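The residues making up each chain are set out below.
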Amino acid sequence: IDDKPVTEIGPDCFMRKNMKSVIIPEGIKVIHSYAFRNCSSLENVTVSKTVEHIGTHAFDNTPWYNGLNEKFVIVGAGSLIKYNGRSETIDIPENVTDISCTFRNDAVKINSITIPDSVKYIAGNAFVGTAWRRSLRDEFVIVGDGILIKYSGTGGDITVPEGVKAISGAFYDSSKVTSVKLPSS
């Protein structure tokens, strides 16, 4: 657009549009949350390998998304956009770099999740409500490539440990936090 490359598709950008197919070309790196949500005619989607991150619910309520039946639906450069498994133990595949789907206890009690070091991003609400997340007792729970997903301390002034590169939903259950000091990492 105006001789500048398009690298992202913004939030809600095409939400509820009457399109039948979309091709996400090379060069697009991010598809934000809700970008194609509720496109009730969207049956075909091609996502290029340059897409590094897909926001939560980006394709929800589309025929294409609803028809994805593999246990782990991974698109682009490694975005896990949907989990259809029913196991109590989940091992996220090594090729996943981005977890944008949510894991719920609707169908089965999820007691264990293994997240590989390849994961650099996790949606804030990805594991909220799972038995696994509730069972984590360490003061700071860090997974993947330095992602803080849960803080279980007593609150007050908190210093996030060095090595943390991202924070995702870590403080959902922490109403007594008064200040946070972030690491230089």
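Just so we're clear, the structure is a prediction, and the values are computed from it rather than from any experiment. (Residues numbered from 1 in each chain as written. Predicted model: local features only at pLDDT ≥ 70, side-chain atom pairs only at ≥ 80, totals over all residues. Heavy atoms only, no water.)

**Some details on the sheet that holds strand S1 (residues 8-9)**
Link 1 in the chain: The strand order S1-S3-S5 describes an open sheet built from three strands, whose pairing is parallel. The outermost strands of the open sheet, each flanked by one partner alone, are S1 and strand S5 (53-54).
Link 2 in the chain: Relative to S5, strand S3 (residues 30-31) runs parallel, the two sharing two bridges. Its bridge partner lying in S5, Val 30 is registered against His 53. (Pairing = 2+ DSSP bridges. Helix = DSSP H or I, 4+ residues; strand = E, 2+ residues; numbered from the N terminus.)

**Regarding the sheet that holds strand S15 (residues 166-167)**
Through backbone hydrogen bonds, the strands of a sheet pair up, either in parallel or in antiparallel fashion.
Link 1 in the chain: Here three strands make up an open sheet; going across it, the order is S12-S13-S15 and the pairing mixed. The two strands at the open ends of the sheet, each matched to only one other strand, are strand S12 (140-143) and S15.
Link 2 in the chain: For strand S13 (residues 147-151) and S15, the ladder comprises two bridges, and the chain directions are parallel. Across the sheet, Ile 147 pairs through a bridge with Ala 166, a residue of S15.

**So, unusual backbone geometry**
As a rule of thumb, non-glycine residues mostly have phi less than zero, and peptide bonds are mostly trans rather than cis.
Link 1 in the chain: Positive phi, normally seen in glycine, also occurs at Arg 16, with a value near 65°.
Link 2 in the chain: Along the polypeptide, Arg 16 turns up in the loop between S1 and strand S2 (21-24).
Link 3 in the chain: You will see that Tyr 34, though not glycine, has its phi angle at about 65°, which is positive.
Link 4 in the chain: Summarising the element assignment, Tyr 34 is placed in the loop between S3 and strand S4 (44-47).
Link 5 in the chain: Classification of Tyr 34 by relative accessible area gives partly exposed; the value is 29%. (Buried < 20%, exposed > 50% of the residue type's maximum accessible area, 1.4 Å probe, protein only.)

**Digging into the packing of aromatic side chains**
Link 1 in the chain: Under the criterion given, the structure shown has nine aromatic pairs.
Link 2 in the chain: With a centroid separation of 5.2 Å and 15° between ring planes, the pair formed by Phe 14 and Phe 36 is classed as stacked. Highlighted residues: Phe 14 in the loop between S1 and S2 and Phe 36 in the loop between S3 and S4, separated in sequence by 22 residues.
Link 3 in the chain: Put simply, the rings of Phe 72, Tyr 83, Phe 103, Phe 127 and Trp 132 pair up and form one aromatic cluster. (Phe/Tyr/Trp six-rings, centres within 6.5 Å; stacked < 30°, edge-to-face > 60°.)

**Description of the side chain of Ser 41**
Link 1 in the chain: Residue placement: Ser 41 occurs in the loop between S3 and S4.
Link 2 in the chain: In contact with Ser 41, not counting residues within four places along its chain, are Asn 18, Met 19, Lys 20 and Pro 63. (Contact = heavy atoms within 4.5 Å.)

**Remarks on the pairing of S12**
Link 1 in the chain: Pairing between S12 and S13: four bridges, direction antiparallel. Looking at the pairing, Val 143 lines up with Ile 147 of S13.
Link 2 in the chain: Where S12 hands over to S13, the hairpin turn is made up of three residues, of which Gly 144 adopts a positive phi near 55°.

**A short note on the nonpolar core**
Link 1 in the chain: Grouped together as the largest cluster of nonpolar side chains are 23 residues, with contacts concentrated most on Ile 92, Ile 99, Phe 103, Ile 115, Ile 122 and Phe 127.
Link 2 in the chain: Only strand S7 (79-83), S12 and S13 provide two or more residues apiece to this core.
Link 3 in the chain: The contacts of Phe 103, once residues within four sequence positions are left out, are Leu 80, Tyr 83, Ile 90, Ile 92, Ile 110, Ala 126, Phe 127, Val 128 and Thr 130.
Link 4 in the chain: Of all hydrophobic cores here, the second largest spans 22 residues; its members include Ile 9, Phe 36, Leu 42 and Leu 68. (Core = buried A, V, L, I, M, F, W, Y, C linked by side-chain atoms within 4.5 Å.)

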